[in-house]
Amino acid sequence: MTENNISDQGGVLVTLIKAESAAIVAEVHVAPGQEVAAGTVLLATELMKMRHEIRAEQSGIVTAVHVTAGQELQGGETLITLEPGSVSVEEVATDDTARPDLEEYAARMALLDDAARPEAVAKRHALGGRTARENINDLFDAGSFTEYGALAVAAQRGKRALPDLQARTQGDGIICGIGTVSGRTVAAMAVDYMVLAGTQGFNHHRKMDRLIEVASRDRLPIVLFAEGGGGRPNDGDTALIMAAWLNVTSFRHFAAYKGPKIGIVSGYCFAGNAALYGVCDLRIATRNSWIGMGGPAMIEGGGLGVVAPKEIGPSDVQAGTGLIDILTEDEAEAVEAAKRLLSLEAAQTPPADDPEETPDLRNVVPVDRTRAYDMRAAIDGLADSDTFQELRRGFGAGMITGFARIRGRAVGLLANNPLHLGGAIDAEAGDKGARFLQLCDAWGLPVVTLCDTPGFMVGPEVEKTGQVAHISRLFLAGAHFSQPLVTLILRKAYGLGAMAMAGGGLDRPHFCCAWPTGEVGAMGLEGAVRLGHRDHLNAIEDPAEREAEYQRLVDALYERGKALNAASLLEFDAVIDPAETRAALHRALESAGPATPGPRYADAW
């Protein structure tokens with residue numbers, strides 16, 4: 001380091017170039033009387049094996065050199081005296097023109113681009129798929145993504161040349177990083193199927209663990225693009241230090257992760273990739289997907305026969321099992337669904353054209369209490385336009401679950417389906433509803449339940465499904481639910497099923513209300529009359545008279561349990577005009593206070 005001082009020597013202004021700190025003069029490149037242009041190297045010093053070139057800041061003539069090579073400097077010594085002025089030599093460019101380090105960097109980074117693998121990319125596109133990097137670019141806001149561990153390669157340096165690994169095992173088959181999605185900070189891991197068929201290698205897992213740890217510091221959402229098989233058996237660099245690698249930590253760390261986890265699958269997803277996908281809170285898959293805990297090789301190796309990959313867990317099967325929450329046509333639609341889910345955290349202003357009343361809701365439930373109706377029509381009327389995202393539609397038909405907004409507020413909607421078993425809750429519906437409550441609790445979303453159920457499904461056949469255990473999950477999930485809860489009774493609210501739909505009882509919600517069509521009872525009215533008045537009815541010999549008496553008793557029981565009378569007995573909080581439901585729900589949620597992510601997790605089922 002140097003400092004320049006201006007000095008008057010005999011009427012001539014000169015520049016004194018001095019040492020700022022201790023160093024050793026390594027080289028002297030000029031002599032007295034020499035013309036130098038700005039930028040010329042005058043001398044070089046060395047300290048701690050680092051060389052520092054001292055250049056002329058302006059053109060002129062060297063009038064004196066005060067040091068020699070090898071001389072130790074203490075700092076403050078005059079090194080060179082320079083008389084500024086015009087010179088005949090040209091100014092020296094100070095920028096380095098040759099930078100092999102930057103050239104190597106550029107070449108190495110270029111291998112990470114899809115352009116470095118045109119044949120593999122073309123094959124993906126020909127099958128209607130996208131590359132991992134294309135999905136990452138689509139998910140994140142432009143310019144916001146910071147990649148972690150991009151330069152990793154497969155742990156096979158002992159048997160493959162490094163240039164080959166760099167060209168063919170980019171990132172060890174996974175892209176990890178953090179960016180923003182519509183302004184929200186999000187982490188993502190995208191398996192690159194073009195690298196060793198998406199198998200999971202040593203560095204692949206190390207990158208996952210690193211990203212999970214960094215994301216956990218702020219409980220960021222993680223989006224996982226899962227595709228490919230399980231562990232990679234031929235990472236030879238680790239062969240001498242492990243036998244089976246059953247202590248790999250990625251699965252445990254990802255399963256234990258407390259932030260939101262969204263999984264996306266397109267193509268083949270087997271073994272380890274399927275296990276990671278399975279522990280995601282929400283699971284999205286394209287129609288062109290096949291998901292299973294073992295691929296063809298594992299099935300054959302287990303002596304279970306030879307099968308084609310497309311025979312294992314196709315999307316239509318997995319939508320029916322409840323594994324897939326959202327089924328999409330392609331990856332672009334899947335990414336868009338993930339963006340909508342990630343936006344649930346953000347508050348939105350109510351629609352500008354939001355009416356005070358929604359008269360159409362008055363006609364959703366028929367006057368004839370024996371006529372079925374479409375609960376999704378009620379949901380469409382209650383939710384802000386085009387905001388309802390249904391989950392697991394192909395599974396548990398007796399329960400409708402999904403996310404929506406009501407006057408801009410994100411909510412979970414849990415509703416009975418009167419078009420399936422009359423709204424009775426069977427084992428699948430119980431599982432579906434319970435997991436949804438767990439999910440909303442973990443994500444910190446209030447829930448509105450729409451109740452129209454004659455209760456839990458009963459009978460010898462339904463008990464073969466493990467009905468008691470499955471539907472009891474609704475009570476457990478409701479009892480532990482820690483977010484604002486509002487219940488609306490549209491028609492039937494009978495017995496234990498209605499209690500479970502309200503989180504455990506009609507006194508459980510922050511606000512429990514009913515439409516005028518609502519009716520409550522310890523069990524179905526007709527069944528209550530048949531059981532409670534059996535002897536009385538059997539004593540009536542005339543069938544017509546017996547039927548008339550039966551109907552009178554049902555009507556009397558209905559009058560007792562209909563919404564207006566039940567509310568007067570304080571069975572629940574209020575009866576509301578269907579047209580004013582959106583406003584009533586909004587007020588109830590507003591008064592219930594904020595929702596914050598709960599401490600528990602949503603289980604895989």
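These numbers come from a predicted model, not from an experiment.

The rules we used
- Residues numbered from 1 in each chain as written.
- Predicted model: local features only at pLDDT ≥ 70, side-chain atom pairs only at ≥ 80, totals over all residues.
- Heavy atoms only, no water.
- UniProt positions renumbered as here; feature names shortened; annotations may be inferred.
- Helix = DSSP H or I, 4+ residues; strand = E, 2+ residues; numbered from the N terminus.
- Salt bridge = Lys/Arg side-chain N within 4 Å of Asp/Glu carboxyl O.
- Buried < 20%, exposed > 50% of the residue type's maximum accessible area, 1.4 Å probe, protein only.
- Core = buried A, V, L, I, M, F, W, Y, C linked by side-chain atoms within 4.5 Å.
- Contact = heavy atoms within 4.5 Å.
- 1 Å grid on protein atoms, 1.4 Å probe; cavity = no way out; pocket = protein on both sides within 12 Å on 5 of 7 lines; lining within 4 Å.
- Points joined across faces, edges and corners; volume = space filled by probe spheres on them.
- Nonpolar A, V, L, I, M, F, W, Y, C, P; charged D, E, K, R; others polar.
- Pairing = 2+ DSSP bridges.
- Axes fitted to C-alpha atoms, helices over the stretch in contact; angles between N-to-C directions.

*Asks:* When you look at the UniProt feature "domain: CoA carboxyltransferase C-terminal" (unreviewed entry) in the chain in this model, what are you seeing that I'm missing?
*Replies:* This chain's UniProt record puts "domain: CoA carboxyltransferase C-terminal" (unreviewed entry) on residues 351–595. A distance of 22 Å separates the end C-alpha atoms of residues 351–595, which is 41% helix and 18% strand.

*Asks:* Would you mind showing me how to read the pattern of salt bridges here?
*Replies:* Opposite charge on two side chains lets them pair, provided their charged atoms get close. Scanning the entire structure with this criterion turns up 32 salt bridges. Residue D192 pairs with R117 through a salt bridge whose shortest N-O separation is 3.0 Å. Pair noted here: D192 is in the loop between β12 (184–191) and α5 (202–216) and R117 is in the loop between α1 (100–110) and α2 (118–126), with a separation of 75 residues, a long-range link. With respect to burial, D192 and R117 carry one shared label: buried. Across the salt bridge formed by R124 and E227, the nearest N and O atoms sit 2.8 Å from each other. In this pair, R124 sits in helix α2 while E227 sits in strand β13 (residues 222–228), placing the two residues 103 residues apart along the sequence. Judged by relative accessible area, which is 9%, E227 ranks as buried. Via salt bridges that share partners, E27, E46 and R51 belong to a single interconnected network.

*Asks:* Just to check I follow, could you spell out the nonpolar core for this structure?
*Replies:* Generally speaking, soluble globular proteins have nonpolar side chains that are buried together. Residues L139, V223, I284, F403, I489 and F572 are the most contacted members of the largest nonpolar core, which totals 61 residues. In terms of residue count, the dominant contributor to this core is helix α12 (residues 427–443) (eight residues). Excluding residues that lie within four positions of it along the chain, F572 makes contacts with I489, L506, C512, C513, A514, V520, A563, A566 and A567.

*Asks:* Looking at this structure, how should I read the layout of surface pockets?
*Replies:* Any empty space left between the atoms is revealed when a probe the size of a water molecule rolls over them. In this structure, the largest pocket occupies an estimated 670 Å³ of space. Around the largest pocket, the lining comprises 26 residues; the ones closest to its centre are K123, R124, L127, Y193 and E227. Of all elements in the fold, only α2, α4 (162–168), β14 (261–270) and β15 (282–292) reach the threshold of two or more residues within the lining of the largest pocket. Taken together, the residues of the lining of the largest pocket sort by class into 10 nonpolar, six polar and 10 charged. The calculated volume of the second largest pocket comes to roughly 560 Å³. Lining the second largest pocket are 29 residues, with L344, E345, G444, L445 and A595 positioned closest to its centre.

*Asks:* Help me out: how do you make sense of the sheet that holds strand β11 (residues 174–181) in this one?
*Replies:* One key point about sheets: their strands pair by backbone hydrogen bonds, in either a parallel or an antiparallel sense. If you walk across this open sheet you meet the seven strands as β10-β11-β12-β13-β14-β15-β16, and the pairing is mixed. Strands with a single pairing partner mark the edges of an open sheet, and in this sheet they are β10 (146–148) and β16 (326–328). Across the sheet, the mean angle separating the axes of adjacent strands is 20 degrees when strand polarity is ignored. As paired strands, β15 and β16 are joined by three bridges and run parallel to one another.

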